[in-house]
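Letter by letter, the chains look like this.
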Amino acid sequence: MSFPWAEEYRPSNGFMRWMDDRLPLPRLVFNAVGGGYPVPRNLNHFWNFGVLAGVALTIQIITGIILAMHYAPAATMAFDSVEHIMRNVNQGWLLRYAHSNGASFFFIVTYIHIFRGLYYGSYKAPREMVWLLGLVIFLLMMATAFMGYVLPWGQMSFWGAQVITGLFAAIPLVGEPIQQWLLGGFAPDNAALNRFFSLHYLLPFVIAGVIILHIWALHIPGSGNPTGVDVKTPQDTVPFHPYYTAKDGFGVGIFLIALALLMFFAPNLLGHPDNYIPANPLSTPTHITPEWYFWPFYAILRAFTVDFILPAKLWGVIAMFASILLLFFLPWLDKSPVRSGSYRPLFRMFFVILLFDVFILGWMGGLPAEEPFVMISQTATIYYFAHFLIILPLVSAIERPLPLPRSISESVLHGEKAEAAPLGVQPAPAE
Amino acid sequence: MATAQHTDNTIGAAPDEGVRRRDFINIAAVSFAGVGSVAVLYPLINQMNPSADVLALSSIEVDLSAIEPGQAIKTIFRKQPLFVRHLTPQEIQAANTVPISELRDPQTLAERTKEGKAQWLITMGVCTHLGCVPLGAAEGENRGEYGGYFCPCHGSHYDTAARIRKGPAPTNLEVPEYAFASDTVVQIG
């Protein structure tokens, strides 16, 4: 698409020629994911995860549409209808487990995709829009997943809805009316369940729309690559099909095997047993936790325990939203012109620490709000913000990056060892 | 758009004519459509607010005659738990001896109960942190370090006047609007 040497679409028969003149959809597909899209030849398997996220969304939409055929979005019937799906509907258990575990896998591959972007500097010019649209998708995913978790109307569903809509009540003055407006009542009930179902059905299609924009924005400059060096000549690229369709196909196979293992052998591993108890507004589970993929954010939310000008609760809410909104500014916080972390020794060290920090936050988010976990969450929260607001700008100012390869093909054709080594430190002449 | 096309037109009037009829029509049309859109938006947004049947259940009566001192009951008010607690004289005294300056959300027990009915502590059973139901209303439940209520979700402790004493909750348990219909019946909401 973006490079002059991209292969042009040639209709193979009369019908396709007729079609191409009237609705050039095959041409669009060919230029997007076919032979007409040149891709850097050196992509590693971390570049699989965008496609895997697309596969996960597809699985969610298909299984979700089917589940909606059997589910009853009414407070009196929702829980029973989910049990009906599990026990009575033909292969209903399979579809529901695919949907619930599919959500977890969607987040796993999306988190890897995001950290791929963080390490290889995929957010940097000229791909800022790709990054920003990706964050929009991530926010939509979180809203969709939250509302989906409410639908079975178990204890965790109910109390999750209570706690998350309670976040809005922390806003001064207008908070309580906003919470009542969101819920359509004073507590989660039929009105809330119905609107969550409606929106849970809608948002995946909004996500699909933003994904189209995400890919469109990506295809303007073309895909990045592990060296971060721009594509210069036709030798630097291979056509998306068959090279990356094959490579992605391999990744999809691994993904599906992993999903099947979880679905068939430990379908409730990532769930919470309390959600098999029907919602009870008069009894709070002793330990409310969101789904695992929200744990890092939940830990940030709970890390604030001291009132400072504003109430602690409001600080927690602000920090939780800020932890994601911050990422929208990332392209302008990290000023280093070198994209790939492989050539930025100092950045790479802090990247690993950040990864570790987010794991700690996730771990703390799943534990009860007691000491020492609160203190650990606070430290990890401080580090999270410090990484983006202090460390990254400083690192990009003081770091001396390693010399970059002259081109993608040079880095590839020297063989694995030379590819990894900086240019000044030639290990051995190329064979 | 119309304006731009018009000024390009050599047959049209001179550009320094000031406000023209067309400008007026343009602004009037856009304003009219704008006000209309807002009017259409209102029902689309307001439909999400609590509906009439939800609001109709927003007032209840509670019979207090069976609640002994030291006991509490849990009932439902606006789909949320409500605690009605009959305080013992010791609990009233414990609440009254706390210096107001020590409290995060300073309020006396008298301010949180009706005059002459200081033994009836009526509060929402909704933790002001994130909306869990605190423990301490039913017999044998953990009442926290201050003998009132304890929220198990994030560890907020409330005292015998249901005031926040320790933990993340920002304010005391909410006292709903209520009035004594008679000595033993209270109308809430």
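Residues numbered from 1 in each chain as written. Chains lettered and ligands numbered in written order. Predicted model: local features only at pLDDT ≥ 70, side-chain atom pairs only at ≥ 80, totals over all residues. Heavy atoms only, no water.

K.L.:
Tell me about the domain arrangement of chain B, residues and numbers included.
P.N.:
Here chain B is partitioned into domain 1 (1-49) and domain 2 (53-188). Each of domain 1 of chain B and domain 2 of chain B was reduced to a C-alpha centroid, and the two centroids are 56 Å apart. (Domains from an automatic or database assignment.)

K.L.:
Just give me the short version of helix 4 (residues 89-96) of chain B, but keep the residues and values in it.
P.N.:
Residue and element names in this part refer to chain B. Every buried residue of helix 4 is accounted for by Glu91, Ile92 and Ala95. Seen along its axis, helix 4 keeps its buried residues to an arc of 100°; they face one direction. Structural note: helix 4 exposes Pro89, Gln90 and Gln93 on the side pointing more than 90 degrees away from its buried face. The secondary structure elements touched by the buried residues of helix 4 are strand 3 (80-86), helix 5 (109-112) and strand 5 (147-151). (Buried < 20%, exposed > 50% of the residue type's maximum accessible area, 1.4 Å probe, protein only. Helix = DSSP H or I, 4+ residues; strand = E, 2+ residues; numbered from the N terminus. Arc of directions from axis to C-beta. Contact = heavy atoms within 4.5 Å.)

K.L.:
So what's going on with the sheet that holds strand 2 (residues 72-77) of chain B? Residues and values would help.
P.N.:
Residue and element names in this part refer to chain B. In spatial order, the strands read 2-3-4; together these three strands make up an open sheet with antiparallel pairing. A single partner strand is all that each edge strand has here, and the edge strands are strand 2 and strand 4 (120-124). Going across the sheet, the axis of each strand differs from the next one's by a mean of 20°, ignoring polarity. (Pairing = 2+ DSSP bridges. Axes fitted to C-alpha atoms, helices over the stretch in contact; angles between N-to-C directions.)

K.L.:
Give me the sheet that holds strand 1 (residues 60-63) of chain B: which residues, what numbers.
P.N.:
Residues and elements named next belong to chain B. Strand order in the open sheet made by the three strands is 1-9-8, with antiparallel pairing throughout. At either margin of the open sheet sits one strand with a lone partner, and together these are strand 1 and strand 8 (178-180). Mean inter-strand twist for the sheet, computed between neighbouring axes without regard to direction, equals 25°.

K.L.:
Describe the layout of surface pockets, and please don't skip the residues or the numbers.
P.N.:
Residues and elements named next belong to chain A. The volume enclosed by the second largest pocket comes to roughly 880 Å³. Among the secondary structure elements, those contributing two or more residues to the lining of the second largest pocket are helix 3 (49-68), helix 4 (78-87), helix 5 (92-119), helix 6 (128-150) and helix 9 (190-219). When residues of the lining of the second largest pocket are assigned to their parent elements, the largest contribution, nine residues, is made by helix 5. Of the residues in the lining of the second largest pocket, the class split is 27 nonpolar, 13 polar and two charged. (1 Å grid on protein atoms, 1.4 Å probe; cavity = no way out; pocket = protein on both sides within 12 Å on 5 of 7 lines; lining within 4 Å. Points joined across faces, edges and corners; volume = space filled by probe spheres on them. Nonpolar A, V, L, I, M, F, W, Y, C, P; charged D, E, K, R; others polar.)

K.L.:
A description of the interface of chain A and chain B should follow, citing residues and the corresponding values.
P.N.:
Of the residues lining the interface, 27 residues belong to chain A; the matching set on chain B comes to 26 residues. When chain A packs against chain B, close to 2400 Å² is buried across both sides, 64% of that on carbon and sulfur atoms. By the criterion of area lost to chain B, the three top residues of chain A are A:Trp181, A:Phe186 and A:Leu282, representing 31% of everything that side buries. Applying the counting criterion to the chain A and chain B interface returns one salt bridge. Ionic pairing is found between B:Lys79 and A:Asp189, a salt bridge with its closest N-O pair at 3.1 Å. (Buried area = accessible area lost by both parts, 1.4 Å probe. Salt bridge = Lys/Arg side-chain N within 4 Å of Asp/Glu carboxyl O.)

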